[in-house]
Amino acid sequence: MKLENKIWDKAECLSRDEIENIQVQRLRATVKQVMNVPFYAKKFKEIGIGPEDIKSVADVRHLPFTTKTDMRNNYPLGLLAVPKEKVLRFHGSSGTTGKPTFVAYTKNDLEMWSDLVARFLYAGGARPGNTAQISFGYGLFTGGFGLHYGLEKIGSSIIPAASGNTRRQFTLLQDLQPELLVCTPTYALRLIEYMEEEKIPRESLNLKVAFLGSEPWTEDMRLYIEDKLQVNTCNNYGLSEVLGPGISGECVYHTGMHIQEDYFLVECLDPETLEPVPDGQLGELVITALNKEAMPMIRYRTRDLAYLISDTDCPCGRTTKRMSRIKGRSDDMLIIRGVNVFPSQVEEALLQCKDVTPNFLIVLDRPGSLDRSVVKVEMAPAFFSDKMSEMQMLKNRLEETIRSYTGIHFEVDLVQPQSIERFTGKAARVIDNRPKEK
Amino acid sequence: METVKQLSLFLENKPGHVYSICKALGDAGINIYTLTLADTAQFGILRLIVEDAESSKALLEKEGFIVNIADVLAVRIDNQPGRLAQVAEILNKEGINVEYVYAFANRHIFLYRVDNTEKAYQKLISNGFCVLSSHELFNTNK
């Protein structure tokens, strides 16, 4: 299909001066606005900085960082900048200590959010009159609702299929003939696998574009998915702490993800020195939201590693800075089947089961299309019973506890004591055999 | 109450583990009277009857294995139809759950691991079954 190149909002095509002018004004307003959030007010006071000190975009570097730990320390709503009555929606990110962190949206925030999602969907070819199947989970996760309202804004009709039940997904794809598909890249692989197993002919589907996101994926995966599903794929990026999907997204030309610069100031920093790296060089993305009401965000350390692209123009006509795919993490967070998981969560879960911290190792691979997650747990005397029923119960209990801490299923593999390699210093808790970007 | 000490070892499903256990015991001059292996796809439990359970446990732990000791009942059951059923019936009537059972080759001695060892013992002997002590078990074998 020849994909038309059209632009949703003229804000995507401003000159550098115009963009920076908006950014400075909005940054100054944001700094002023967060002065009524005690967390920010205290930090700003310590540094001795206020709205009047923001004179250029570069002045963002005088502001303090916000981290996931800050969000947890201010759980549940300490970072709220409006009265709770003004909040129209809550979302949350998967918890790292069993508890999620909450984010909030006012009416204006939701309006802005759906508009930003509409921008990247439109850039990727979504049009009024299209039908879109959303195979993202709905719920606290920002992906489902985020894409839903963006598509509604464009005027595409929506099949809110949600995640899982692959057989039913195909019933919907075949019977309602959607042109657009929204899911995680690994779920797209699962759909391809199922299609081949069940010998479902490609001609029975009407898919044209797949909007894939919420987990890192690779260029190899793109080629595979585009070949097998015969669709154009568009990558998009976002994280709930800052907004959700809508921070950036690809247009039909695949030249990197266009950053919605009028709403986000994206820095790329060396994760060690926290100094900016030149465009084209890998660094950690640090994002400031420029026009959010309920939960503004100043210099959020995403821990996502990527690089910025500014040396070439995109043929689509958008003038915004672009960013590469996410190449990795600057911390030990794992993304498994679209869910954020920290090895420390697995450790806490295991600790919950007995009074000992067993030695463990997370092994990830992707034998077919979906991630397989295994935790090898070294047997300890406190765990062992000569009764098989108790051993099975132990295994089940470990698996259930890990699920309650991480939100995903890990298969527990009980192994011989001392069989997991010991490391001096920081233990390597993860072996990730999933295909990676070269 | 007469019981026999049984060793249980945790085994990851990998080749060579049973060998290294038998070898370690053999090298130390410890005779294995019988053994049974219960396994799942991921791991197994090896149960052993040896003469000196405590010192064998220490030896195997030194080799890096996780070892438990449990009391099991060594019941002599005649080689006749219906006798095993009779034992099962006694235990069943008392609500005693058999976790597992295995046998001594050629000797008509069965090892029972139950959830209430004391009660099972009393009921079996009061029904005329011979439940052996370690001493009887190991010395009649020689």
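Residues numbered from 1 in each chain as written. Chains lettered and ligands numbered in written order. Predicted model: local features only at pLDDT ≥ 70, side-chain atom pairs only at ≥ 80, totals over all residues.

Here's the deal with the interface of chain A and chain B
- In this assembly, 15 residues from chain A lie in contact with 13 residues from chain B.
- Elements supplying a minimum of two residues to the side of chain A that touches chain B: α10 (388–406) and β20 (411–415) of chain A.
- For the side of chain A that touches chain B, the leading source of residues is β20 of chain A, giving 3 residues.
- Of the residues belonging to the side of chain A that touches chain B, the class tally is 8 nonpolar, 4 polar and 3 charged. (Contact = placed C-beta atoms within 7 Å. Helix = DSSP H or I, 4+ residues; strand = E, 2+ residues; numbered from the N terminus. Nonpolar A, V, L, I, M, F, W, Y, C, P; charged D, E, K, R; others polar.)

As for the sheet that holds strand β11 (residues 283–289) of chain A
Residues and elements named next belong to chain A.
- Taken in spatial order, the 4 strands line up as β10-β11-β12-β15 in an open sheet, and their pairing is antiparallel. Each edge of the open sheet is held by one strand with a lone partner, namely β10 (264–269) and β15 (328–329).
- Two strands pair when backbone bridges link them, and strand β12 (residues 300–306) and β15 are joined in this way by 2 bridges, in the antiparallel orientation. Bridging from a neighbouring strand, Leu305 pairs with Gly328 of β15. (Pairing = 2+ DSSP bridges.)

Let's talk about the packing of helix α4 (residues 107–123) of chain A against helix α5 (residues 142–154) of chain A
Residues and elements named next belong to chain A.
- Two numbers describe how α4 lies on α5: the axes approach to 7 Å, and their chain directions differ by 75°. With respect to α5, the element α4 is oriented roughly perpendicular. Contacts between α4 and α5 involve Leu110, Trp113, Ser114, Asp115, Val117, Ala118, Leu121 and Tyr122 from the former and Gly146, Leu147, Tyr149, Gly150, Leu151, Lys153 and Ile154 from the latter. (Axes fitted to C-alpha atoms, helices over the stretch in contact; angles between N-to-C directions. Parallel < 35°, antiparallel > 145°, perpendicular 65-115°, else oblique.)

Some words on the domain arrangement of chain A
Residue and element names in this part refer to chain A.
- Each assigned domain of chain A is listed here: domain 1 (10–331) and domain 2 (336–432).
- Centre-to-centre, using C-alpha coordinates, domain 1 lies 31 Å away from domain 2.
- At 5 residues, helix α7 (residues 185–197) tops the list of elements feeding residues into the side of domain 1 that touches domain 2.
- Counted by class, the side of domain 1 that touches domain 2 contains 2 nonpolar, 8 polar and 3 charged residues. (Domains from an automatic or database assignment.)

Focus on the sheet that holds strand β18 (residues 360–365) of chain A
Residues and elements named next belong to chain A.
- Here 4 strands make up an open sheet; going across it, the order is β20-β19-β18-β21 and the pairing mixed. Each edge of the sheet is formed by a strand with only one pairing partner; in this case those strands are β20 and β21 (430–432). Pairs of neighbouring strands in the sheet enclose a mean axial angle of 20°, with direction left out of account.
- Relative to the sheet, helix α9 (residues 343–353) contacts β18, β19 (372–378) and β21, its axis offset from that of β18 by approximately 130°.
- The strands touched by α10 are β19 and β20; relative to β20, the strand with the most contacts, the crossing angle is about 135°.

Section: the nonpolar core
- Residues Leu121, Val182, Ala188, Ala210, Phe211, Phe264 and Ile287 of chain A are the most contacted members of the largest nonpolar core, which totals 83 residues.
- A total of 9 residues in this core trace back to one element, the largest contributor, which is α4 of chain A.
- When neighbours within four sequence positions are excluded, Phe211 of chain A is seen to be in contact with Leu121, Gly124, Leu147, Leu180, Val182, Cys234 and Asn236 of chain A.
- Counting 50 residues, the second-largest nonpolar core is a separate cluster that includes Val375 of chain A together with Leu11, Ile21 and Leu132 of chain B. (Core = buried A, V, L, I, M, F, W, Y, C linked by C-beta atoms within 7 Å. Buried ≥ 20, exposed ≤ 12 C-beta atoms within 10 Å, placed from the backbone.)

Here's the deal with the packing of α9 of chain A against α10 of chain A
Residues and elements named next belong to chain A.
- Their axes nearest at 9 Å, the elements α9 and α10 cross at an angle of 135°. Comparing their axes, α10 and α9 come out oblique. Classified by chirality, the crossing of α10 by α9 is right-handed. The residues of α10 that touch α9, namely those facing Gln345, Val346, Glu348, Ala349, Leu350, Gln352 and Cys353, are Arg397, Leu398, Thr401, Ile402, Tyr405 and Thr406.
- Here the residues of the contact of α9 with α10 sort into 7 nonpolar, 4 polar and 2 charged. (Left-handed = near helix turned anticlockwise from the far one by under 90°.)

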